[in-house]
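A closer look at the structure
Spelled out from the first residue to the last, the chains are:
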Amino acid sequence: MKVAIFFGSKSDTETMKKAADVLKEFGVDYKAYILSAHRAGALLHETVKQVEQDGCEVIIAGAGLAAALPGVIAGDTTLPVIGVPLECVNPGKSNGLGGMDALLSIVQMPPQIPVATVGINSSKNAAYLALQILSIKYPEIKEKLQAFRKKLADDAKASGLDVEL
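Each value, and the rule that gives it
Residues numbered from 1 in each chain as written. Predicted model: local features only at pLDDT ≥ 70, side-chain atom pairs only at ≥ 80, totals over all residues. Heavy atoms only, no water. Pairing = 2+ DSSP bridges. Helix = DSSP H or I, 4+ residues; strand = E, 2+ residues; numbered from the N terminus. Contact = heavy atoms within 4.5 Å. Axes fitted to C-alpha atoms, helices over the stretch in contact; angles between N-to-C directions. Right-handed = clockwise from strand over helix to strand, strands pointing away. Expected span 1.5 Å × (residues − 1). Buried < 20%, exposed > 50% of the residue type's maximum accessible area, 1.4 Å probe, protein only. Patch = residues over 30% accessible without salt bridge, like charges linked within 9 Å, V, L, I, M, F, W, Y side chains within 5 Å. Areas by Shrake-Rupley, 256 points an atom, 1.4 Å probe, with all protein chains shown as cover. Salt bridge = Lys/Arg side-chain N within 4 Å of Asp/Glu carboxyl O. Core = buried A, V, L, I, M, F, W, Y, C linked by side-chain atoms within 4.5 Å.

**Things to note about the sheet that holds strand 5 (residues 116-117)**
Ordered in space as 2-1-3-4-5, the five strands form an open sheet in which the pairing is parallel. Each of the sheet's edge strands pairs with one partner strand only, and the pair in question is strand 2 (30-34) and strand 5. Note: strand 1 (residues 3-7) against strand 3 (residues 58-64), five bridges, orientation parallel. Across the sheet, the residue bridging to Phe6 is Ala61, located in strand 3. On top of the sheet, helix 2 (residues 41-53) reaches strand 1, strand 2 and strand 3; it is set at about 165° to strand 1, its chief contact.

**Description of the pairing of strand 2**
Bridge count for strand 1 against strand 2 is five bridges, and the pairing is parallel. Pairing of Val3 across the sheet is with Tyr30, part of strand 2. The parallel pair strand 1 and strand 2 is bridged by helix 1 (residues 13-25), and the resulting crossover is right-handed.

**Details of helix 5 (residues 123-135)**
Quick reminder: α-helices carry 3.6 residues per turn. Residues three or four places apart thus point the same way. Helix length check: helix 5 (13 residues) gives 18 Å between terminal C-alpha atoms against 18 Å at 1.5 Å per residue, within 8%. Listed in full, the buried residues belonging to helix 5 are Ser123, Ala126, Ala127, Tyr128, Ala130, Leu131, Leu134 and Ser135. Structurally, helix 5 contributes buried residues whose contacts are with strand 1, helix 1, strand 3, strand 4 (81-86) and helix 6 (139-160).

**Here we look at a nonpolar patch on the surface**
Together, Leu97, Met100, Leu104 and Val107 make up an exposed nonpolar region whose accessible area comes to about 380 Å². Structurally, Met100 can be placed in helix 4 (residues 100-107).

**Description of the nonpolar core**
One finds Val3, Ile5, Val28, Ile60 and Leu131 to be the most contacted residues of the largest nonpolar core, which totals 25 residues. With six residues, helix 5 is the largest single contributor of residues to this core. Those residues in contact with Val3 that lie beyond four places of it in its chain are Leu23, Val28, Asp29, Tyr30, Lys31, Cys56, Val58, Ile60, Ala130 and Leu134.

Nothing here speaks to function; it is all geometry.
Listed below in structure tokens is the structure:
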């Protein structure tokens, strides 16, 4: 396993699955965990230590509202942690601040314990950032990323030429 994906609530599964889909597309092994920093702190700490022992190299952590999960994980490990601020969507309950609360909580980590942060609900971008980090060590991931980026550029070029308005 090269990447561990953590998120605090089962209701975040669909959003965080997008990160897993990107990692699968690139052939990168991962494991996913639903653990709350607030409700299962001791188990979270044990699990972070276990993924380190299992050879994990990057952690993606999604959280909404106060969004403590990425910061708590970053405080437990020296591995790179990528935070995904999540929009809280609970029908019939408070929806927080549309994810801005989580974004500010994650991006405003105290000095010396950084968390890389992507946009609200952007778990796909978290996976792409994890791939970029891994590509430093793994040439095969770097080659796949380069091919992916070339295809993006080719597609943009093809769709942007000779447009009828």
